Protein chains: 2
Amino acid sequence: MAGRAEITPLLAETFREHGYEGASLALICKATGLGKGSLYNLFPKGKEEMAAAVLDEVEVWFEREVFAPLATGGPAATAKMFDAVDAYFRSGGRVCLVGAFALADTRERFAARLRTYFTRWIDALSIALTAGGHKPRKARGRAEEVVAGVQGAIVLARALDDKAAFARVLERLRRRAASPQA
Amino acid sequence: MAGRAEITPLLAETFREHGYEGASLALICKATGLGKGSLYNLFPKGKEEMAAAVLDEVEVWFEREVFAPLATGGPAATAKMFDAVDAYFRSGGRVCLVGAFALADTRERFAARLRTYFTRWIDALSIALTAGGHKPRKARGRAEEVVAGVQGAIVLARALDDKAAFARVLERLRRRAASPQA
DNA sequence: GGATTTATGGACTGTTCGGTCCAAGTTAGT
DNA sequence: ACTAACTTGGACCGAACAGTCCATAAATCC
């Protein structure tokens, strides 16, 4: 039988595509190929647990692929972050679940986790930028701007139905982060 | 009796706070103080028409307060845009409905309007930046970055539950827009 | 003042929601 | 081969959804 590990990515795409409330159990069953009995067997606490499992997966991936590598510091680490982020968001073809959850009723359900995700990202990027020559206080402001920029690039790409918009904004953020004086 | 003009702003806040799907008719009745009969009298096509009326109001406001004034061009127009945007989003205390709609199932319902809103904003800001000394092609990239940045600042403020994050990011965007060479 | 029209609110409707239940199928153990 | 445990899917449940209906109230017209 399929386990949580196989099912959670499918849940993730369903929540990204439709949002928490838009992703009905009927849609989730269709996307996962499971009946409700099976879903509830894997996630006994129901839909909220499914979304929590998805957030777990997102956090684990970002910690491993983005936040921890940033600790090596410097421009190479920052550039690697941009590469990872570009790939993860499929160059603008994929919604950031955390950002989407922040803009809906889901925010209240997962408030601490949404906050931690962004705090962690900004902290990690601050450290990398500081190691790369940015003054600490400016680094933090820069990090916030970059993380906000990534989120905004996703919104823009989605609203314009234009992945290239994401790519252009990301490229600008990348160049800016690479330059301590700008 | 209260008309659409009085009711639509209340609808707008309800959709901003809860999202399209999260804003049930029960919530909408509560927020507007009307019964269903009255709501359906004002908006015979139902909930989707209420949301469309809200988008109308958003577009009219942005056209009048942001896009049209940008046509006067130059740094003063751009600065004025930042002032208007800061006030409109209550310094980070208010969600951008268009952005929120772009990240949920509502995107499909209102695709053309969401696209037009952002296209209009980027075009208008491009023109203002070009009049302010930015090279046209760079102005367009800059405009995209600014608009994306505003959206991202809203997501960040919301997720972090910290309006000051919005203010900081907006300030950086403002300074960047004011400087042709950065 | 009466007749007509419009606005009103909430009971009601059919549908969909998240979640529960359980018969049947599958797997594991002996 | 049999038994027990586990997994499965979908019928079913109660609640909530968007929307309809209609008796009543209010407004408008003459």
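The preceding data block contains the structure.
Residues numbered from 1 in each chain as written. Chains lettered and ligands numbered in written order. Predicted model: local features only at pLDDT ≥ 70, side-chain atom pairs only at ≥ 80, totals over all residues. Heavy atoms only, no water.

### Description of helix α4 (residues 47–70) of chain B
So, step 1. With 24 residues, α4 of chain B should reach 34 Å at 1.5 Å per residue; the first-to-last C-alpha distance of 33 Å fits that figure.
So, step 2. In α4 of chain B, a bend of some 45° at E63 of chain B exceeds every other bend along the element. (Helix = DSSP H or I, 4+ residues; strand = E, 2+ residues; numbered from the N terminus. Expected span 1.5 Å × (residues − 1). Bend = angle between axes of the 7 residues up to and from the residue.)

### Focus on the environment of K138 of chain A
So, step 1. Mapped onto the elements, K138 of chain A comes out in helix α9 (residues 136–160).
So, step 2. For the pair formed by K138 of chain A and P180 of chain A, sequence separation is 42 residues and the distance between their alpha carbons is 8.9 Å.

### Some remarks on the relation of the copies chain B and chain A
Copies of the same chain, two in number, are related to each other by a rotation about an axis and a translation along it.
So, step 1. Note on the identical chains: chain B maps onto chain A by a rotation of 180° and an axial translation of 0.0 Å, with an RMSD of 0.0 Å. The transformation just described matches what one would write down for a two-fold rotation axis. Of every C-alpha in chain B, the one belonging to G152 of chain B sits nearest the axis of rotation, 1.9 Å from it.
So, step 2. Both copies contact each other with a shared surface, as 100% of the interface residues of chain B are interface residues in chain A too. (Least-squares fit on C-alpha atoms with pLDDT ≥ 70 in both. Contact = heavy atoms within 4.5 Å.)

### Some points on the pattern of salt bridges
Residues and elements named next belong to chain A.
So, step 1. A full pass over the atoms with the stated rule returns 36 salt bridges over all chains.
So, step 2. For E171, the salt bridge goes to R175, with nearest N and O atoms at 3.8 Å. With E171 and R175 both in helix α10 (residues 163–177), this residue pair falls 4 residues apart, about one helical turn.
So, step 3. Among the residues examined, E171 registers a relative accessible area of 33% and is labelled partly exposed.
So, step 4. The structure contains a network of salt bridges with shared partners spanning E13, R16, R90 and R94. (Salt bridge = Lys/Arg side-chain N within 4 Å of Asp/Glu carboxyl O. Buried < 20%, exposed > 50% of the residue type's maximum accessible area, 1.4 Å probe, protein only.)

### Some thoughts on the interface of chain B and chain A
So, step 1. In this assembly, 41 residues from chain B lie in contact with 41 residues from chain A.
So, step 2. For the pair chain B and chain A, the two sides together bury roughly 3,600 Å², of which 56% comes from carbon and sulfur.
So, step 3. Where chain B meets chain A, there are 6 salt bridges.
So, step 4. Between E145 of chain B and R176 of chain A there is a salt bridge whose closest N-O contact spans 2.8 Å. (Buried area = accessible area lost by both parts, 1.4 Å probe.)

### Some details on the packing of helix α8 (residues 111–131) of chain A against α9 of chain A
Residue and element names in this part refer to chain A.
So, step 1. Relative to each other, α8 and α9 sit at 130°, their axes nearing to 8 Å. Looking at the two axes, α8 sits oblique to α9. For the pair α8 and α9, the sense of crossing is right-handed. Contact with α8, carried on its side by F118, W121, I122, D123, L125, S126, L129 and T130, involves P136, A139, R140, R142, A143, E144, V146, V147, V150 and Q151 of α9 and no other residues of that element. (Axes fitted to C-alpha atoms, helices over the stretch in contact; angles between N-to-C directions. Parallel < 35°, antiparallel > 145°, perpendicular 65-115°, else oblique. Left-handed = near helix turned anticlockwise from the far one by under 90°.)

### Re the nonpolar core
So, step 1. Counting 131 residues, the largest nonpolar core has F15, F89 and W121 of chain A together with F15, F89 and W121 of chain B as its most contacted members.
So, step 2. With near-sequence residues (within four places) excluded, W121 of chain A lies in contact with F62, V66, F67, M81, V85, F89, V147, V150 and Q151 of chain A. (Core = buried A, V, L, I, M, F, W, Y, C linked by side-chain atoms within 4.5 Å.)

### Some details on the packing of aromatic side chains
So, step 1. Per the counting criterion, the structure on display carries 34 aromatic pairs over all chains.
So, step 2. Measuring from ring centre to ring centre gives 6.5 Å for Y20 of chain B and F110 of chain B, while their planes differ by 75°; the resulting arrangement is edge-to-face. Here F110 of chain B lies in the loop between α7 (106–109) and α8 (111–131) and Y20 of chain B lies in helix α1 (residues 4–22), a separation of 90 residues in the sequence.
So, step 3. Plain terms: the ring middles of F62 of chain B and F67 of chain B are 5.8 Å apart, the flat faces sit at 45° to each other, and that makes the pair tilted.
So, step 4. Overall, the relative accessible area of 0% leaves F62 of chain B in the buried class.
So, step 5. Note on F67 of chain B: relative accessible area 3%, which makes it buried.
So, step 6. Clustering of aromatic rings is evident, with ring pairs tying together W61, F62, F67, Y88, F89, Y117, F118 and W121 of chain A. (Phe/Tyr/Trp six-rings, centres within 6.5 Å; stacked < 30°, edge-to-face > 60°.)

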